[in-house]
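# Structure assessment
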Amino acid sequence: MIFHCGKFQLDLSRPLVMGIINVTPDSFSDGGRHASTIAAIAHARQLIADGADILDIGGESTRPGAATVSEQQELERVLPVIEGLRDISVPISIDTYKPEVMRAAIRAGAVMVNDVNALQAEGALQTVAQSDVAVCLMHKQGTPQTMQQRPAYQNVLDEVTAFLRERIAAAEAAGIARERIMIDPGFGFGKTVEHNLDLLCGLQTFRALGLPVLVGLSRKSMLGAITGREVDERMAASVAAALLAVQRGAAIVRVHDVRETVDALKIWNAINGE
Ligand code: 7PM
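Residues numbered from 1 in each chain as written. Predicted model: local features only at pLDDT ≥ 70, side-chain atom pairs only at ≥ 80, totals over all residues. Heavy atoms only, no water.

## A few points about the pairing of strand β10 (residues 252-255)
To be explicit about the condition: Only protein chains enter the area calculation, which uses a 1.4 Å probe; residues under 20% of their type maximum are buried, those over 50% are exposed, and those in between are partly exposed. What counts as a helix is a DSSP run of H or I of at least four residues, what counts as a strand is a run of E of at least two, and both are numbered from the N terminus. Pairing between strands is defined by DSSP: at least two bridges between the two strands are required.
What you see with β10 is no split at all: I252 and R254 on one side and V253 and V255 on the other are buried throughout. One ladder, built from four bridges, connects strand β3 (residues 16-22) with β10; its direction is parallel. Following the sheet pairing, V17 is matched in β10 by V253. Judged from the two bridges that link them, strand β9 (residues 214-215) and β10 form a sheet pairing that is parallel. When the bridges of β10 are listed, V215 appears paired with V253.

In structure tokens form, the structure reads like this:
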């Protein structure tokens, strides 16, 4: 299975590891843009050395309750980092829901758009359609400001599947080929722990949509709820969750702890490879 990401062709015959690069002041003490650019580029290079197959660069935290960031602020955070990584050999994904940020990031070299809003913003479908980049369409219920207040579903698997089916149809109608579409149930985006566990147990359901599935469970509050661990103590739980997602068909896992996840998936591949 080959996945088209701009000039890259990703081989999905083995599960891939997407490394997370958050370029947000809350990840850097000084809040200074220059320092955070340098640090983000160094972090990106470290994750590549650790074995990341793709990097996801984001300038606005989409955690529950996260403050929104202006388009200008987001651009000032992510563009210097993408430009500083022009020489790298792994594809770069831009984690944004703003079409203008997508456009600028694509111009700077991003070959995938990771949109937690599934291209619903005005102009987002056209922006991706007019390029050759890949897109990840993710499900969320509500907005980061409200989504974790009272998540509710009749049947979370059915409703997430129906939403993704509709967004895939919208993307295809806009001229985005299926070969460059990925889908994602959006763990933690308007879901209780119960809903997240139902989605993980039933991940195979999404095979019905016939597209590669991306899963992001790394260090999420669901893992904290089950283990009692704080966010920077969730590496073991995150590696376990990544393995369980791959076992249930995930094609890409979006993680903080690249080195450890790469090792875990090497063991998985030793058992499951050709
Ligand atoms: C709640 C907790 C919401 C943590 C978001 C987060 C995903 C993503 C993020 C995901 C895709 C965080 C994440 N999570 N993109 N971006 N899938 N495609 O690590 O699961 O802060 S942000």
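Structure shown, so let's carry the discussion forward.
## As for the packing of helix α5 (residues 156-173) against helix α6 (residues 193-201)
The cut-off we apply is this: The axes used here are C-alpha line fits, helices contributing only the stretch in contact, and every angle between their N-to-C directions lies in the interval 0 to 180 degrees. These descriptions rest on fixed angle ranges, namely under 35 degrees for roughly parallel, over 145 for roughly antiparallel, 65 to 115 for roughly perpendicular, and the rest for oblique. Contacts are assigned to residue pairs with any non-hydrogen atoms lying within 4.5 Å of each other. Amino acids outside the nonpolar list (Ala, Val, Leu, Ile, Met, Phe, Trp, Tyr, Cys, Pro) and the charged list (Asp, Glu, Lys, Arg) are all regarded as polar, and Gly is one of them.
Interaxial distance between α5 and α6 falls to 9 Å at its minimum, and their mutual angle equals 70°. Classified by the interaxial angle, the pair formed by α5 and α6 is roughly perpendicular. Across the interface between the two elements, V156, L157 and V160 from α5 touch H195, D198 and L199 from α6. Split into classes, the residues belonging to the contact of α5 with α6 amount to four nonpolar, one polar and one charged.

## Re helix α8 (residues 235-247)
Every α-helix carries 3.6 residues per turn, so stepping three or four residues along brings you back to the same face. The test is simple: Helix span, expected: 1.5 Å multiplied by one less than the number of residues in the helix.
Between its terminal C-alpha atoms α8 stretches 18 Å, which fits the 18 Å expected from 13 residues at 1.5 Å a residue. When α8 is considered as a whole, its buried residues turn out to be A237, S238, V239, A241, A242, A245 and V246. Residues of α8 that are buried make contact with α6, β9, α7 (221-227), β10 and α9 (258-272). G249, located one to two residues past α8, shows a positive phi value of around 105°.

## Observations regarding the nonpolar core
Note on soluble globular proteins: their nonpolar side chains tend to be buried together. Counted only if it meets this: Note on terminology: a nonpolar core comprises buried Ala, Val, Leu, Ile, Met, Phe, Trp, Tyr and Cys residues joined through side-chain atoms within 4.5 Å.
By size, the foremost hydrophobic cluster in this structure holds 72 residues, and its most contacted members are I57, L85, L119 and F206. For this core, the element with the highest residue contribution is α5, accounting for eight residues. Those residues in contact with I57 that lie beyond four places of it in its chain are I21, V23, V78, V81, I82, L85, I92, S93, I94 and D95. Within the second largest apolar cluster, 16 residues are counted, among which are F8, L12, A134 and C136.

## A look at the sheet that holds strand β5 (residues 92-95)
Spatially, the eight strands line up as an open sheet ordered β8-β7-β6-β5-β4-β3-β10-β9, and their pairing is parallel. Of all the strands in the sheet, the pair left with one neighbour each is β8 (181-184) and β9. Sheet analysis places strand β6 (residues 112-115) next to strand β7 (residues 134-138), joined by four bridges and oriented parallel. What sits directly across from D115, in β7, is L137. Across the sheet, α9 lies against β3 and β10, angled at about 170° from β3, the strand it touches most.

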